[in-house]
Each structure stands twice: as structure tokens, then as C-alpha cells.
Amino acid sequence: MWWDTRVILCACLLVNSVAAVNHLARLRRTNQLRTRSNCLEFLEYLPSSWEEGWLQKADSLTRSICDTMQQERRQAKEWLDGVASHDVPKYSAQTKRFWTPLSKVDSMSVWSFYKYRDVCSDDKQYVYVPIEPAVGLLRNPFATPCTSFDPKQNVIDVQDREYLLLASPTWTQYFPGRKLLFDLGTGTSFDSSLLWFVEKYQHLGVQFDEIWSWEARDTNPHAYWQTVPDKWVSKLHFYNTFATEHTNLSAPLGMILDQYKAGDFVVVKLDIDNEELESIIVRGLLDIAHVLGELFFEKHFDAPEMRPYFGDGLSTDLTGTLQMFRQYRSAGVRLHYWP
């Protein structure tokens, strides 16, 4: 989401104070006995050859992102078709290999995977969980500003979310505890982003027990709560204030650590349109990666196609963004690009 706002932040919101760091350390010690949320031991991140190619060639592709994606429409179409039908590669314990109904396509060249060990199973079997590849503009590969691969198809909005491969029921079953959603930059109504999350996860069998959301823009409380469906009123905690990097209990990092218990499935979305503050918060989220089920983050970066939306003067380019995604995913964070 993009808009012009006048943001006045005191320096204390942009600097990690010694007190905040010490508080985070205390919270970590308090939670050290409940750091592993389930039976899964993360082993490694397995990027697809497609994703690896984009990371290696990002510098040369920066000025031709959409043109390159058009040349790679076969992989992009498999990606979108797979998400739409949940027809993604699976791992067969019998044959010890990946398989997919899309037999004519080398699916392992498109989909990336997280590799885990099920430490609760008798044979400590491996579990492979797919995720959409970090390529191109990291969003729908045929959305505006890139053109559609099908001239007859309606224009796909730049904020389209149908490219995201959420965690499957096979994976979420390893999280027997509560289902918690934290939305940093939630918008001024429930249907801005929260409605999408609750409906998508409900389709996958995940019913959120509680939701916390933060929004910096002044929001009429009566108008906001009128947009909240009755079933979510008692489960939603809405803060009409800045999402800061601090670790007190009114700030996201502190709230996540305070609420988390072993077995909980935690989903976090970060999109507050403040590059400096987002960078601090997302680094803090990396420090507590062990409690995150899934993380959605809209990273603003400099690319010619995105300047009408993100503006100029951004400190990160495509290369830096792809490197950041690789760093987080390699650390076990199930990181998605939020549009």
C-alpha cells in the first residue's frame, strides 16, 4: 500500500536503545524453553534453479525485469497455476523424491523448498515445504507494471496477491497450539488486509484465535469497528498508533514474544511504508525467527518499473532485496513478499 503521509517520529523510535535491547534479551531468556514451536527441525532452504538464477544475475536484470519475465513465462505460468490449484510439488516418502502431477514440467526448477526433519516421528523423516520463488519484482509476475502473458486476460492489479503460496494443512498440523496473526500496517478498515488473511487461512483450515493490528494513520474508531465482522470483534486488538521497533508489550516484537507459546502458529505482516523503521523491525523479526510461522513483508526497493509506486531515492535495489530474502529464508523464515 502506498500513500503520502506526514510522519513525525521522534529519534527514540528510530534508534534501538540500550533499554530496549536489554528488554528483548530478558524476553528471550523467558521464552528460551519454548523456542521450538513444533516437531520440525529446520535443516536448510533449497532455492529453485530459477530463483538462484535471478539472484546471481540481479544486477544485469534490474533494467529489464518485465522483459525477462516475459521470456520466462513458462515458469511464471507454472507458478501461478500451481498456487491457484494447490498443484505444487510434493515429496514422496516411499520413493524419496519430489513428485508433481505437472509431469511435463521440471517443477524443481520453479518451486523453492524448506527442508525439515520431523523429530517427533519414529524414523525422523524429512519434510519438504514449498514456497513461491523469489524472482522478478517478487510479486505476481504478470501484474502491472509488467504486461499479462495472455492478451485476452484482464489487467492484473499491481497489488494482486494470488501468487502467494501459503502454508499447507500438511505443514500447519505441526503447530497444535493457538493461531495468532500480527498485522503491522493494517490499514483503516478490516477489509484492507485482515479480511484477506482470515479468509485465505480459513480455506487452509487455519482459524485465528487472536489478531493484533497496528495502523499509524488517524482512524475513526467507530467507522473502523463497523468494518469488523462480528466473529472477529472479540478476537481483534487494534492499535491506532505507530508500530515501533521497541519490545514493550504495546509494540509488535514485545507482543509477539509475550504471547507466543510452544506449538503456536504465528503469522506476521509488515507493511508500514517507512523504509528506515521497517528495516529495524524486520531485523528484529529475524532475531525471533524461531517463533514465526510465516512472515509477509513489502520491501520497497529501487526498480524502474516500481518508481511510480515506491518513488525515487530508495537505499535498496533488486540485488539487495533478493539477497535479503535469501538471508531470511536460509535462516528458516518462511518469508513472502507482500504486495
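None of these values were measured; they are calculated from a predicted model.

A. Inspection of the overall build of the protein chain at higher detail. Regarding its fold elements, the protein chain presents twelve helices and eleven strands. For the protein chain, with 339 residues in total, the buried portion stands at 52%. Expressed as a percentage of contacts within the protein chain between residues at least 6 apart in sequence, the contacts between residues at least 24 apart total 76%. Split by element, the accessible area of the protein chain, about 15500 Å² in all, is 50% carbon and sulfur.

B. Fine view of the sheet that holds strand β10 (residues 294-297). A sheet is described by the order of its strands in space; here six strands give the open sequence β8-β7-β6-β9-β10-β11, paired in parallel fashion. What marks the edges here is a single partner per strand, and that holds for β8 (236-239) and β11 (335-337). The average angle at which neighbouring strand axes cross in this sheet is 10°, direction not considered. In terms of strand pairing, strand β6 (residues 179-184) meets strand β7 (residues 210-214) through five bridges, oriented parallel. For L184, the partnering residue across the bridge sits in β7 and is W214. The strands touched by helix α6 (residues 194-203) are β6, β7, β8, β9 (265-270) and β10; relative to β9, the strand with the most contacts, the crossing angle is about 150°. Most of the contacts of helix α12 (residues 318-330) go to β11, to which it runs at about 150°, and overall it touches β10 and β11.

C. Up close: the sheet that holds strand β5 (residues 126-131). One open sheet holds the three strands; their spatial order is β1-β4-β5, and the pairing between them is antiparallel. Across the chains shown, the open sheet's two edge strands, defined by having one partner strand only, are β1 (40-46) and β5. Looking at each pair of strands side by side, their axes are set apart by 25° on average, direction ignored. The pairing of β1 with strand β4 (residues 112-118) spans six bridges and is antiparallel. Looking at β4, one finds that L40 is bridged to D118.

Criteria and cut-off values
Residues numbered from 1 in each chain as written. Predicted model: local features only at pLDDT ≥ 70, side-chain atom pairs only at ≥ 80, totals over all residues. Heavy atoms only, no water. Helix = DSSP H or I, 4+ residues; strand = E, 2+ residues; numbered from the N terminus. Buried < 20%, exposed > 50% of the residue type's maximum accessible area, 1.4 Å probe, protein only. Contact = heavy atoms within 4.5 Å. Areas by Shrake-Rupley, 256 points an atom, 1.4 Å probe, with all protein chains shown as cover. Pairing = 2+ DSSP bridges. Axes fitted to C-alpha atoms, helices over the stretch in contact; angles between N-to-C directions.

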